[in-house]
Amino acid sequence: MEEDEIDIRGLFGILRRRIKLIFAVVAIVMAGAFFYVNSLTPYYTASTLILVDPGEKNLLSPEYSRDAYANFSINDVRVNGEIEILKSDAVAMRVVDEAGLLTDPEFGFPPSIIVDPEAIPRDPLFLLQAVIQGFKGSTNVSRQGDTYLIVAEVSSIDPIRAAELTNIYANAYIEHQIAIKVESIRKVMDILRARLEDARIALQTSEASFDTFIDKNISIIEEQSDRADLSALRALYSSVNSQSLQRGLILDTLEASLQSEDWKSIADTLQDDAIRLLETRRQTLEASLLSA
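Treat the numbers as computed from the prediction; the structure is a model and nothing was measured.

**Q** Any chance you could break down the overall build of the protein for me, citing the residues and the numbers?
**A** Helix and strand content of the protein: ten helices and three strands. Reading the helices (α) and strands (β) of the protein from amino to carboxyl end gives α-α-β-α-α-α-α-β-β-α-α-α-α. Looking at the protein as a whole, 20% of its 292 residues are labelled buried. Taking the intrachain contacts of the protein between residues at least 6 apart in sequence as the baseline, contacts between residues at least 24 apart amount to 62%. Of the roughly 21700 Å² of accessible surface on the protein, a fraction of 62% belongs to carbon and sulfur atoms.

**Q** Now, about the packing of helix 4 (residues 89-99) against helix 6 (residues 124-137): what can you tell me, with residues and values included?
**A** The N-to-C vectors of helix 4 and helix 6 enclose an angle of 100°; their axes lie 9 Å apart at closest approach. Looking at the two axes, helix 4 sits roughly perpendicular to helix 6. Across the interface between the two elements, Asp 89, Ala 92, Met 93, Val 95 and Val 96 from helix 4 touch Leu 128, Gln 129, Val 131, Ile 132, Gln 133, Phe 135 and Lys 136 from helix 6. For the contact of helix 4 with helix 6, the per-class residue count stands at eight nonpolar, two polar and two charged.

**Q** Go over the packing of aromatic side chains, please, and point to the residues and values.
**A** Tallied over the entire structure, the rule returns two aromatic pairs. When the ring of Phe 135 is compared with that of Tyr 169, the centres are 5.5 Å apart and the planes differ by 90°; the resulting orientation is edge-to-face. You can see Phe 135 sitting in helix 6 and its partner Tyr 169 sitting in helix 7 (residues 159-225), a full 34 residues away along the chain. We note that Phe 135, like Tyr 169, is buried. Every member of this aromatic cluster is reached through a ring pair, and the members are Phe 107, Phe 135 and Tyr 169.

**Q** Describe in detail a nonpolar patch on the surface, supporting the description with residues and values.
**A** On the surface, Leu 21, Val 25 and Val 29 cluster together into a nonpolar patch covering about 270 Å² of accessible area. Assignment of secondary structure puts Val 29 in helix 2 (residues 19-39). Look at Val 29 and you get exposed, because its relative accessible area is 53%.

**Q** Describe in detail the sheet that holds strand 3 (residues 149-156), supporting the description with residues and values.
**A** The sheet built from three strands is open, its strands ordered 1-3-2 with antiparallel pairing. Looking at which strands have only one partner, the edges of the open sheet turn out to be strand 1 (44-51) and strand 2 (139-143). Here the strands of the sheet are splayed against their neighbours by 20° on average, with no regard to which way each runs.

**Q** If you had to explain the pattern of salt bridges to someone new, which residues and values would you point to?
**A** A full pass over the atoms with the stated rule returns eight salt bridges. Across the salt bridge formed by Arg 186 and Glu 183, the nearest N and O atoms sit 2.6 Å from each other. One end of the pair is Arg 186 and the other is Glu 183, both in helix 7 and three residues apart, which spans about a single turn. Note that Arg 186 is salt-bridged to Asp 190, the shortest N-O span being 3.0 Å. Of this pair, Arg 186 and Asp 190 both sit in helix 7, four residues apart, which is roughly one turn of that helix.

Criteria and thresholds
Residues numbered from 1 in each chain as written. Predicted model: local features only at pLDDT ≥ 70, side-chain atom pairs only at ≥ 80, totals over all residues. Heavy atoms only, no water. Helix = DSSP H or I, 4+ residues; strand = E, 2+ residues; numbered from the N terminus. Buried < 20%, exposed > 50% of the residue type's maximum accessible area, 1.4 Å probe, protein only. Contact = heavy atoms within 4.5 Å. Areas by Shrake-Rupley, 256 points an atom, 1.4 Å probe, with all protein chains shown as cover. Axes fitted to C-alpha atoms, helices over the stretch in contact; angles between N-to-C directions. Parallel < 35°, antiparallel > 145°, perpendicular 65-115°, else oblique. Nonpolar A, V, L, I, M, F, W, Y, C, P; charged D, E, K, R; others polar. Phe/Tyr/Trp six-rings, centres within 6.5 Å; stacked < 30°, edge-to-face > 60°. Patch = residues over 30% accessible without salt bridge, like charges linked within 9 Å, V, L, I, M, F, W, Y side chains within 5 Å. Salt bridge = Lys/Arg side-chain N within 4 Å of Asp/Glu carboxyl O. Pairing = 2+ DSSP bridges.

Structure follows, in structure tokens:
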């Protein structure tokens with residue numbers, strides 16, 4: 001017991017003798033930590049939620065598919081794919097363009113480096129890629145649990161700028177997805193337009209073949225069947241074809257006159273008294289305006 005008491009007393013004695021040194025070390029460590037924390041630049045993070053709709057859309061039927069939410073494993077893959085699109089360079093490039101980050105004081109470079117051809121590096125693609133990577137380094141994209149919500153975050157030294165960049169980031173992702181869907185629809189429309197043109201040509205060919213067959217064989221059918229009414233039908237058929245061709249020519253003339261705003265030609269083509277009267281009044285008004 002006496003040895004233990006002597007050791008404790010010795011320890012307290014050492015502490016009492018070194019108390020100034022201990023306080024000095026603690027004060028130096030606390031001061032260093034204080035100055036280090038104050039020297040750090042504070043960053044503010046803003047976040048937004050993006051909902052991923054796993055339902056498939058049909059171009060011909062805008063209703064949701066019945067099995068849109070049935071296969072959760074496929075939906076998980078789709079949500080993870082949307083997260084990778086959010087992290088892609090294509091979306092980041094849209095943000096750089098819309099937010100003007102190339103010359104931004106935080107993410108970009110001074111205008112002198114971009115404009116000056118002697119500046120290093122000279123390659124503008126290198127500068128653009130550096131800004132894109134810098135912006136991507138300030139972002140964080142994650143999934144909200146097992147839901148179809150994606151959390152997109154952007155950090156900046158300015159809280160207002162962080163909120164603005166977060167909104168631009170979300171809008172850039174949505175615009176990117178819309179552009180992809182519009183491009184796919186445009187390609188489908190081009191394919192359908194080509195198929196419709198092929199079908200129209202095939203229909204015209206079939207109609208021409210049918211007309212040729214009727215013209216060549218109508219007399220034989222009349223002789224073999226003793227049908228006198230077929231001649232009348234043939235004459236009516238020829239008359240209808242002639243009227244159709246004539247109306248097509250008139251329509252083409254009217255379309256050309258409308259494009260060139262040739263109102264006199266339209267009145268002469270339609271042979272309508274009311275339109276002629278309107279054309280006469282128009283000419284009279286033009287003459288009055290010119291004289292005035």
